[in-house]
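Spelled out from the first residue to the last, the chains are:
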Amino acid sequence: MEALGVFGTTLGCSACFVVCGLVFAAHRLGLIYQLFHKVETQSPRHGGESVAEVLRAHGVKFIFTLVGGHISPILVACEKVGIRVVDTRHEATTVFAADAVARLSGTVGIAVVTAGPGLTNTVTAVKNAQMAESPLLLMGGAAATLLQGRGALQDIDQMSLFKPLCKFCASIRTIREIVPTVRKALAIAQSGTPGPVFIEFPIDTLYPYHLVSRELGVKSTPKGLMGKIVSWYLTNHMKNLFAGAWETRDVSPLPVDIPYATDDQVQRCIEMVSRAKKPVILLGSQATLPPTPVDDLRKALEDLGIPCFLGGMSRGLLGKNSPIHIRQNRRDALKEADLVLLAGTVCDFRLSYGRVLNRRSKIIAVNRDKTQLLKNSDMFWKPTLAIQGDTGSFLVQLSKGLKGHRCPDEWPQTLKAGDVTKETANRAKADEKTDRHLNPLKVLHCVDELMAEDSFIVADGGDFVGSAAYIMRPRGPLRWLDPGAFGTLGVGGGFALGAKLCRPDSEVWIVYGDGSLGYSVAEFDTFTRHKTPVIALVGNDACWSQISRDQVPILGSNVACGLAFTDYHIVTDGYGGKGYLIGREDEDRLSDIIRQAQKETREGKATLLNVLIGKSNFREGSISV
């Protein structure tokens, strides 16, 4: 009897396992779901419509794309619901443009590209967005769910490519997953430390039932047991793919999770700042992130009266000529400061990994990302107080807590006097004659003086752009765009496109080196087709000068650094824009030519100033903090 009991128990366990296995298999095959949710085989709807519904509910105004058959349903559906579809000439540009929209609008930028090479072409731009902490959603096509890994056209393991670059990656397996997955991705992109997210859409999740059935369904009456099994599997796969596809679902935005400084942390900072005699604030791009309006942040800084060094997207935050905005001699100021507030600024190569900080200074570091917050603190610096939280809201709270207290005036006045001395010396260099062509510093000063007050500046280059970072002054908050910590060349076309779409009435300038121009000059076709007139200023010295100036003296060769004085202005004309060639013989007419280019742009034509420049003795530094 005891043996029978053991046998019965064993048999019962085995049956339980079998039942559990069958239930699990039924779940994986979608059989249980299909019992309660119907398949509308006659419906003309497609998955692209679900994507468009979510994007519209989230306030998306633009999507950027380079068209491909895998993604056509998304593009068509977005157009139908009033989302502007902007097609570019390279997939990287779609991501750069989405990046710019994210920075300027405070929402998520959207890029949609086709499978395989369409997606691989975006990798550098996605990595740049990750390092610049820009919230964007990249949507990519993919081979049909049943054909992945079987040699279908443009079928590669796309998820492995993007998992190291994105905060969230998902591959849609059924149409009913589209709405919740897109909502989740958009929330994650904006939460915590913002960044890119990626969703892969197999082609059979985007097209209507009758088309997918025609391509993937059973073509003839099956023969034999195996044929019938395959036929059943394909039929069930189709049903599961479309089961419950068009049921009503919530498309509204999910809550965004943002870390904030605690009241105790803010109070400790209030006490430290109130005792400081020579405080300094270093602001990075993170300070401009939502939810704090940039105008509120600007007022908070002005009320504090603490000297500020601005980097990345925070350039221009204090306007053109603020008494607390210090542009020069940062290293000297940091040596003398008794308190340094790193507001979204990271101790990486831009701050010599923290070595420029005075060890006797009290250091307050604020950053949403814990890794960035403490970067290199194990070697070259130690924070007195490290706060993992939102920078903008922290500074507003700090200002309110210090109401009535201001930094002693003599400290910012001393630093500002150093600014004036340095900039006067730099201005004198602009009046020097170069061996040939125009002095690049003079060109930049001239553009800065003539630039409209509502202008945006996009920085894309090395040597010439490094000079521009010291000379050109953004007129207001969120009016300077550079790649950020990754130092990517090629952002110009995409950033300018995104900026012009967000601010169509503003003047948008791209400051190019002649090397970096090569990456996105074809986007002048995009500017023309989509009526987004921008102005490009190209410092053409026929050289990768930032590399050459070290390579030649150290290694004795200019190999691979030389370019040509190419007729970029003619290329612009060919793409439907207006190009100008400016050489030394045009020096006296420089202002007039710039004004003419501005006029052409106001009248709707993208323009390019191909300025032949010589070598100046101005040594540039990093352009991003």
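In what follows, the structure referred to is the one given above.
Residues numbered from 1 in each chain as written. Predicted model: local features only at pLDDT ≥ 70, side-chain atom pairs only at ≥ 80, totals over all residues. Heavy atoms only, no water.

1. Remarks on the overall build of the protein chain
Secondary structure summary: the protein chain contains 25 helices and 17 strands in total. In terms of principal-axis extent, the alpha carbons of the protein chain reach across some 100 × 65 × 50 Å. In the protein chain, buried positions account for 56% of the 625 residues. As presented, the protein chain carries roughly 26900 Å² of accessible surface, and 55% of it is formed by carbon and sulfur atoms. (Helix = DSSP H or I, 4+ residues; strand = E, 2+ residues; numbered from the N terminus. Buried < 20%, exposed > 50% of the residue type's maximum accessible area, 1.4 Å probe, protein only. Areas by Shrake-Rupley, 256 points an atom, 1.4 Å probe, with all protein chains shown as cover.)

2. Some thoughts on the packing of helix 3 (residues 47-57) against helix 4 (residues 72-80)
The interhelical angle for the contact between helix 3 and helix 4, taken along N-to-C directions, is 45°, at an axis separation of 8 Å. For the element pair helix 3 / helix 4, the angle class is oblique. Two packed elements cross with a definite hand, and for helix 3 against helix 4 that hand is right-handed. Of helix 4, the residues touching helix 3 (which contributes Gly48, Glu49, Val51, Ala52 and Leu55) are Pro73, Ile74, Ala77 and Cys78. (Axes fitted to C-alpha atoms, helices over the stretch in contact; angles between N-to-C directions. Parallel < 35°, antiparallel > 145°, perpendicular 65-115°, else oblique. Left-handed = near helix turned anticlockwise from the far one by under 90°. Contact = heavy atoms within 4.5 Å.)

3. So, the pattern of salt bridges
Under the defined criterion, the tally for this structure stands at 25 salt bridges. In this structure, Arg589 and Asp586 form a salt bridge, with 2.7 Å as the shortest nitrogen-oxygen distance. (Salt bridge = Lys/Arg side-chain N within 4 Å of Asp/Glu carboxyl O.)

4. Describing empty space enclosed by the protein
What the rule picks out here adds up to one cavity of 30 Å³ or more. Each pocket or cavity is described by its volume, and for the largest cavity that value is around 30 Å³. The wall of the largest cavity is formed by His58, Arg183, Leu186, Ala187, Gln190, Pro253, Leu254 and Val256. Considering only residue class, the lining of the largest cavity consists of five nonpolar, two polar and one charged. (1 Å grid on protein atoms, 1.4 Å probe; cavity = no way out; pocket = protein on both sides within 12 Å on 5 of 7 lines; lining within 4 Å. Points joined across faces, edges and corners; volume = space filled by probe spheres on them. Nonpolar A, V, L, I, M, F, W, Y, C, P; charged D, E, K, R; others polar.)

5. Some remarks on the sheet that holds strand 1 (residues 62-66)
Strand order in the open sheet made by the six strands is 2-1-3-4-6-5, with parallel pairing throughout. Looking along the sheet, the strands with just one partner apiece sit at the ends: strand 2 (84-87) and strand 5 (169-171). Strand-to-strand twist across the sheet, computed as the mean angle between neighbouring axes with direction ignored, equals 20°. Two strands pair when backbone bridges link them, and strand 4 (residues 136-142) and strand 6 (residues 196-202) are joined in this way by seven bridges, in the parallel orientation. The residue of strand 6 that forms the bridge with Leu136 is Pro196. The sheet strands contacting helix 9 (residues 178-190) are strand 3 (109-113), strand 4, strand 5 and strand 6, and the helix crosses strand 6 at an angle near 165°. (Pairing = 2+ DSSP bridges.)

6. Here's the deal with the side chain of His437
Considering the arrangement of structural elements, one finds His437 in the loop between helix 17 (410-430) and helix 18 (440-450). A residue is classified by how much of its surface remains accessible, and His437, at 17% relative accessible area, is buried. Those residues in contact with His437 that lie beyond four places of it in its chain are Phe565, Arg584, Leu612, Ile613 and Gly614.

7. Description of the nonpolar core
Note that soluble globular proteins tend to have their nonpolar side chains buried in a common cluster. In this structure, Leu283, Leu301, Leu342 and Phe394 are the most contacted members of the largest nonpolar core, which totals 101 residues. Counting residues per element, this core draws most heavily on helix 5 (residues 91-105), which supplies eight residues. If we skip the residues at most four places from it in the chain, Leu342 touches Leu282, Cys347, Leu351, Leu357, Ile363, Ile364, Ala365, Val366 and Trp381. The next biggest cluster of nonpolar side chains, apart from the first, holds 41 residues, and it includes Val60, Ile74, Ile110 and Leu206. (Core = buried A, V, L, I, M, F, W, Y, C linked by side-chain atoms within 4.5 Å.)

8. Some words on unusual backbone geometry
The phi angle of most residues is negative, glycine excepted, and most peptide bonds adopt the trans form. Between Pro290 and Pro291 the backbone carries a cis peptide bond, its omega angle lying at 15°. Summarising the element assignment, Pro291 is placed in the loop between strand 7 (279-283) and helix 13 (294-304). Phi at His437 is positive, roughly 60°, even though this residue is not glycine. Unusually for a residue other than glycine, Lys531 sits at a positive phi of about 55°.

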